[in-house]
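Each chain is listed here by its residues.
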Amino acid sequence: MEKTLVVLKPDAISRGLTGDVIKRFERAGLKIVGAKMHMVSREAAEKHYPDNRIEFLKGMGQKTLENYEKMGVDPVKELGTKDTLEIGKMIREWLIDYITSGPVIALVLEAPHAVELVRKICGHTLPLMSPPGTIRGDFAYDSSYLANTAKRAIKNLIHTSGSIEEAEFEVNLWFKPHELVSYERVEEKIMR
Ligand code: ADP
Ligand code: MG
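Keep in mind that what you see is a predicted model, and the values were worked out from it rather than measured.

Right, let's get into the packing of helix H4 (residues 54-71) against helix H6 (residues 84-99). Close contact between H4 and H6 brings their axes to 7 Å; oriented N to C, the two are set at 100°. One finds that H4 runs roughly perpendicular with respect to H6. On H6, the residues that touch Ile 54, Phe 56, Leu 57, Lys 58, Met 60, Gly 61, Gln 62, Thr 64 and Leu 65 of H4 are Thr 84, Leu 85, Ile 87, Gly 88, Lys 89, Ile 91, Arg 92 and Leu 95. Tallied by class, residues from the contact of H4 with H6 come to nine nonpolar, five polar and three charged.

Okay, structure coming up:
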């Protein structure tokens, strides 16, 4: 059994997609064990995207470089650097602006292999690389080029924890133990 964090970002709320998004997790058997809607403060956003997570920052930079290469865009011309860490730090600032730009809905979902399952249902970071059938593939239409030239984060509707370690850190950051509930879904009865 794993718990993972899902955050419906401000674009999912303002586009009225909350029901469509949550339905996909529920029908896959993911149990909602925590839920809240609020405005994220700048301090909380900075903790959620810590500036000392070098691998996370480089990862975002790397995805950007790969995408630019595919599109034939020069990263130095566009962003002033081709250093993955520098690009990652730049994106982190845009990300904090994005996640604090409107209300979000945070969920803790529980199931066997919840972290990986939620990532599959969510799709790839870049909407173009998310196949139809995934949340981002079906609903997000932003592109990294469009986002980067406008100096903003890609609006890809949701955040989902990227690994078991990230999920543990993020669930504890967003929810206090008493805000999580425990109950049984019918799937669990059938599997016994
Ligand atoms: P994921 O959300 O798929 O786990 P990351 O953790 O790598 O992806 O990145 C966090 C968020 O940063 C993404 O969901 C997206 O909103 C934004 N982002 C990532 N890469 C870029 C990029 N190249 N340009 C703009 N925004 C980006
Ligand atoms: Mg991530």
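Tallied over the full model, the rule gives 14 salt bridges. Across the salt bridge formed by Glu 188 and Lys 31, the nearest N and O atoms sit 2.9 Å from each other. Of this pair, Glu 188 sits in helix H11 (residues 186-191) while Lys 31 sits in strand E2 (residues 31-38), placing them 157 residues apart in sequence. What makes Glu 188 partly exposed here is its relative accessible area of 26%. Relative accessible area serves as the criterion here: at 5%, Lys 31 is assigned to the buried category. A salt bridge links Glu 166 to Arg 53, with the shortest nitrogen-to-oxygen separation between them at 2.7 Å. Note that Glu 166 is positioned in helix H10 (residues 164-174) and Arg 53 in the loop between helix H3 (42-48) and H4, a separation of 113 residues in sequence. The buried category is assigned to Glu 166, whose relative accessible area is 17%. The partly exposed category is assigned to Arg 53, whose relative accessible area is 23%.

Since there are 3.6 residues in each turn of an α-helix, residues three or four apart along the chain are aligned in direction. End to end, H6 covers 22 Å across 16 residues, agreeing with the expected 22 Å (1.5 Å per residue, within 8%). Among the residues of H6, Thr 84, Leu 85, Ile 87, Gly 88, Ile 91, Arg 92, Trp 94, Leu 95, Ile 96, Tyr 98 and Ile 99 are the ones counted as buried.

The next point concerns the packing of aromatic side chains. To describe a pair of aromatic rings, one takes the distance between the centres and the angle between the planes. Inspection of every chain in the model, using the stated rule, returns one aromatic pair. With 5.9 Å between their ring centres and 10° between their planes, Tyr 49 and Phe 56 make a pair best called stacked. Owing to a relative accessible area of 4%, Tyr 49 belongs among the buried residues under this scheme. The ring of Tyr 183 carries the charged tip of Lys 31 above its face, separated from the ring centre by 5.2 Å. In this arrangement the basic side chain of Lys 36 is found over the ring face of Phe 175, its NZ or CZ atom lying 4.6 Å from the centre.

A few words on the pairing of strand E3 (residues 104-111). For E3, the buried fraction is high: eight of the eight residues fall into the buried class. Across the two faces of E3 the burial is the same, with Val 104, Ala 106, Val 108 and Glu 110 and Ile 105, Leu 107, Leu 109 and Ala 111 all buried. Direction of pairing for strand E1 (residues 2-8) relative to E3: antiparallel, over a ladder of seven bridges. Bridged to Val 6 within E3 is Leu 107. As judged from the seven bridges shared by E2 and E3, these two strands associate in the antiparallel manner. Opposite Gly 34, over in E3, you have Val 108 as the bridge partner.

The topology assignment puts Thr 134 in the loop between helix H7 (114-122) and helix H8 (135-139). Among the polar contacts listed, one links the side chain of Thr 134 to the backbone nitrogen of Gly 137, at a separation of 2.9 Å. Beyond its immediate chain neighbours, meaning those up to four positions away, Thr 134 contacts Arg 24, Lys 120, Ile 121, Cys 122 and Gly 123.

About the criteria used
- Residues numbered from 1 in each chain as written.
- Chains lettered and ligands numbered in written order.
- Predicted model: local features only at pLDDT ≥ 70, side-chain atom pairs only at ≥ 80, totals over all residues.
- Heavy atoms only, no water.
- Axes fitted to C-alpha atoms, helices over the stretch in contact; angles between N-to-C directions.
- Helix = DSSP H or I, 4+ residues; strand = E, 2+ residues; numbered from the N terminus.
- Parallel < 35°, antiparallel > 145°, perpendicular 65-115°, else oblique.
- Contact = heavy atoms within 4.5 Å.
- Nonpolar A, V, L, I, M, F, W, Y, C, P; charged D, E, K, R; others polar.
- Salt bridge = Lys/Arg side-chain N within 4 Å of Asp/Glu carboxyl O.
- Buried < 20%, exposed > 50% of the residue type's maximum accessible area, 1.4 Å probe, protein only.
- Expected span 1.5 Å × (residues − 1).
- Phe/Tyr/Trp six-rings, centres within 6.5 Å; stacked < 30°, edge-to-face > 60°.
- Lys NZ or Arg CZ within 6 Å of the ring centre and 35° of its normal.
- Pairing = 2+ DSSP bridges.
- Polar contact = N/O pair within 3.5 Å; in protein donor to acceptor, adjacent residues only side chain to side chain.

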